[in-house]
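The chain contents come next:
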Amino acid sequence: MNMSPRIPVVDLEDGWRDVLAGVAKLKCILDGSNVVHFFPDEYMHLYTTVYNMCTQKPPNDYSQVLYDRYKQALDDHIESVVLPSLNEKHGEFLLREIVQRWEKHKLMVRWLRRFFDYLDRYYVTRRSLDSLKDLGWSSFRDLVFDKLKSTVATIVIGMIDDEREGNLIDRALLKNALDIYVEIGDSQLNYYSDDFEQSFLNGTTDYYSKKAQTWILENSCPEYMLKAEECLQKEKDRVANYLHSTTEPKLFAAALFELIDRRAEEILNKENSGCKVLLCDEKTEDLARMFRLFSRITDGLLPVSKIFKEHVIAEGMSLLKHATDAANSRKDEKKGVVVGLPEQDFVRNVIELHDKYMAYVTNCFQSNSVFHKALKEAFEVFCNKDVVGCSSAELFAAYCDSILKRGGSEKLSDEAIDESLEKVVKLLTYLSDKDLFVEFHRKKLGRRLLFDKNTNDEHERILLSKLKQFFGGQFTSKMEGMLKDITLAKEHQSSFEEYVSNNPESNPLIDLNVTVLTTGYWPTYKNSDINLPLEMVKCVEVFKEYYRSDKQHRKLTWIFSLGNCVVIGNFDAKPVEFVLNTYQAALLLLFNEADKLSYSDIVSQLKLSDDDAVRLLHSLSCAKYKILNKEPSNRVISPEDEFEFNSKFIDRMRRIKVPLPQIDEKKKVVDDVNKDRRFAIDASLVRIMKSRKVLGHQQLVAECVEQLSRMFKPDIKIIKRRIEDLISREYLERDSENAQTYKYLA
């Protein structure tokens, strides 16, 4: 039987001598000596030697001895070669040397692990010892890194400070040096964070604390922010170039705190260049930079938004004062009345102001909700102020009226009208009394639909659509009904004309146009029973007969105050057509039967009230067109006056519209709105109590205010009065145990 040759036992010292020879050659290779690299048979000899020494039977198993001597060989190399080379270097040269030595040490450990691979894979694993890699790196850490880490950190921080001052440094060297902190801890970052990062962050804080203190004194607010933003960006670049990524949030926070957070108040209130000045000077780029910087600190935008809000309020109040001064300057010195409302200029300026600062919110402040809120609160302040006795709701309604009447004074295009209406509707969201605007707007809408032949129904519908989108269908339902009525009225008129043509005996021989309206949709109009002339009476009877034949169950109520008539006046010079109110026409027709009439004759024949009689007679005898002569000849109408037809009247126009003095209906509108508010408050209180059954006074009031605030801001005192009224009407009762609690009575 053939026996395999017996492998001789490798003696410890003999085998180690071979290993040391390999280590010596490895050192020469790493030091750059002119030595040929390991040949395969050399590598295999070293590997086999270690293998045999680890696999021999005891007492010749030298695994533990080799494990210990592996580390000792590395320690000896470090103490004899590495440390002396490091001890004679300083500053950046020391940094460069330690980086080189660390790279060589890693290579040395990698090659030695190949020689000792069997030991690492079996013995080390079986005994749960540190791997040869960990053992090799710990050798460098214990003998080199622990001694020099503070020095290295100081050198690195110094180089970074040099770079901050604008000097060029070797970034690659810094990255390699800092990688040692990461690698030496096997990527656990404990050495990086404990031995470098904390010191670096402390140094950063000190550096920027000194810089900020100097810059805030020497530079304006925009210059300071520019430097701060550049520094913060450079710190981010610094992380990308050589610091570990986990340092970025800490580094940025440290620099930001010193540059912005600690100096926030000084920056914002910097004399001659702070936030207020930037807003006044329209420095949009600097404001955008301020937003970027202050948005990074906790609650940093709140003081900026506060200044922004105060600035917008000041601008708005300035517009308000300007409008008031302009209105006062237009007052009639004798009568002390405002000649013309300032609504167009004021509302147009408010729209321009809103456009301007909405652009700030969008572009400079990146549509941040804090600034949207600030802008809203600012506009709510001055948009709810009165201008020369006119409420903002009235002004906005008047502005819409002017826009919808053929594009206003500027004769706007259809696109410009749509854009203007969109902007007005956005401003309406700032009004607290939206219901008051609705009533004023409804009043003016009625006049446009009834009297303005050039009204563009499409524009009216566009405005209602926008209002409905912002405030809901309840906001616009009545006005939509008004537009619908006008459309139906045109159909009624066509049907009436067809009826007259089919019934010649009913023809009043006068062109008659009747607009039928639905009572619930339209504002309430003053109406008086007046004795109409026979011609007008016949017209009324003919239309009544037609309407009964078409709508048997509906009742017609005639509002003659809204009617218009065309009356021809035959004067000595030439005939003139007058466009008159129905009452004016009825009054003039009296002079077909008499040359002269007294005030009392006119009042008794027409059954007019004194107020109406004074207005009518003033418009016909004392105003621009003196169709009637008055005795005595003055501008005051009195019961003793007498009037006669002015046959000598002459005017270059063949058709004249004779206006009636305007009646100030503001008080009536306000009264109507207050009445509707009482109903709305009652409905809200009942709705809340119906769902809650029992509720305390404060909670009931709070919920009522919240429900109604979409349309108007209810007065707490009025809410209390409405609660008392509901109690008296037995909708609610007070809890016998708690007077501040109410129960709902089903």
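Residues numbered from 1 in each chain as written. Predicted model: local features only at pLDDT ≥ 70, side-chain atom pairs only at ≥ 80, totals over all residues. Heavy atoms only, no water.

Asker: Would you mind going over the packing of helix H4 (residues 91–115) against helix H7 (residues 171–184) with me for this structure?
Answerer: In a packed pair of helices, the relevant descriptors are the angle between the two axes and the axis-to-axis distance. Remark: H4 packs on H7, axes separated minimally by 9 Å, with the N-to-C direction vectors making an angle of 50 degrees. As summarised for this structure, H4 and H7 are arranged oblique, according to the angle between their axes. Seen from above, H4 lies across H7 with left-handed handedness. Judged by residue contacts, Glu92, Leu95, Arg96, Ile98, Val99, Trp102 and Lys106 of H4 engage Leu173, Leu174, Asn176, Ala177, Ile180, Glu183 and Ile184 from H7. Classifying every residue of the contact of H4 with H7 by side-chain character gives nine nonpolar, one polar and four charged. (Axes fitted to C-alpha atoms, helices over the stretch in contact; angles between N-to-C directions. Helix = DSSP H or I, 4+ residues; strand = E, 2+ residues; numbered from the N terminus. Parallel < 35°, antiparallel > 145°, perpendicular 65-115°, else oblique. Left-handed = near helix turned anticlockwise from the far one by under 90°. Contact = heavy atoms within 4.5 Å. Nonpolar A, V, L, I, M, F, W, Y, C, P; charged D, E, K, R; others polar.)

Asker: Just checking my understanding: could you explain the side chain of lysine 443 for this structure?
Answerer: Along the chain, lysine 443 falls in helix H19 (residues 434–451). For lysine 443, a relative accessible area of 7% corresponds to the buried category. Beyond its immediate chain neighbours, meaning those up to four positions away, lysine 443 contacts Pro523, Thr524, Glu665, Lys668 and Val669. (Buried < 20%, exposed > 50% of the residue type's maximum accessible area, 1.4 Å probe, protein only.)

Asker: So what exactly am I meant to see when it comes to the nonpolar core here?
Answerer: Buried together is how nonpolar side chains tend to be arranged in soluble globular proteins. Counting 93 residues, the largest nonpolar core has Leu259, Ile260, Phe294, Phe308, Phe379, Phe437 and Leu467 as the members making the most contacts within it. Every residue in contact with phenylalanine 437, bar those within four places of it in the chain, is listed here: Ala393, Phe396, Ala397, Cys400, Leu428, Leu431, Leu467 and Phe475. Membership of the second largest hydrophobic core comes to 70 residues, among which are Val19, Val50, Met53 and Ile180. (Core = buried A, V, L, I, M, F, W, Y, C linked by side-chain atoms within 4.5 Å.)

Asker: Explanation requested: the environment of isoleucine 681 in the structure shown.
Answerer: Tracing the sequence through the fold places isoleucine 681 in helix H26 (residues 666–692). The spacing of isoleucine 681 and proline 714 is 33 residues in sequence and 8.0 Å in space, taken between C-alpha atoms. Here isoleucine 681 is in contact with Cys704, Leu708, Phe712, Pro714, Ile718, Ile719 and Arg722, once residues within four sequence places are set aside.

Asker: Could you clarify how one ought to interpret the pairing of strand E1 (residues 564–570) in this entry?
Answerer: In regular strands, side chains alternate between the two faces of the sheet. Along E1, the buried face is formed by Cys565, Val567 and Gly569; none of Asn564, Val566, Ile568 and Asn570, which line the opposite face, is buried. Both E1 and strand E2 (residues 575–581) contribute to a ladder of seven bridges, which runs antiparallel. Bridging across to E2, valine 566 finds its partner in valine 579. If you look at the hairpin formed by E1 and E2, you'll find four residues sitting between the two strands. (Pairing = 2+ DSSP bridges.)

Asker: How do you make sense of the sheet that holds strand E4 (residues 628–631) when you look at a structure like this?
Answerer: Each strand in a sheet pairs with another by means of backbone hydrogen bonds, the pair being arranged parallel or else antiparallel. Read from one edge to the other, the open sheet built from three strands follows the order E3-E5-E4, with strand pairing classed as antiparallel. Looking at which strands have only one partner, the edges of the open sheet turn out to be strand E3 (596–598) and E4. Between one strand axis and the next, the sheet turns by 25 degrees as a mean value, whatever way the strands run. Strands in contact with helix H24 (residues 599–606) are E3 and strand E5 (642–645); relative to E3, the strand with the most contacts, it is inclined by about 85 degrees.

Asker: Just checking my understanding: could you explain unusual backbone geometry for this structure?
Answerer: Backbone phi values are negative for most residues with the exception of glycine, while trans is the configuration of most peptide bonds. With an omega of 10 degrees, the peptide bond running from proline 58 to proline 59 counts as cis. Tracing the chain through its elements places proline 59 in the loop between helix H2 (40–55) and helix H3 (63–87). Residue proline 632 is bonded to the preceding glutamate 631 through a cis peptide linkage, with omega at -5 degrees. In this fold, proline 632 is placed in the loop between E4 and E5. With a phi angle near 70 degrees, asparagine 272 is a residue other than glycine that sits in the positive phi range. Turning to its location among the elements, asparagine 272 is positioned in the loop between helix H11 (264–268) and helix H12 (275–280). Its relative accessible area of 64% is what places asparagine 272 among the exposed residues.

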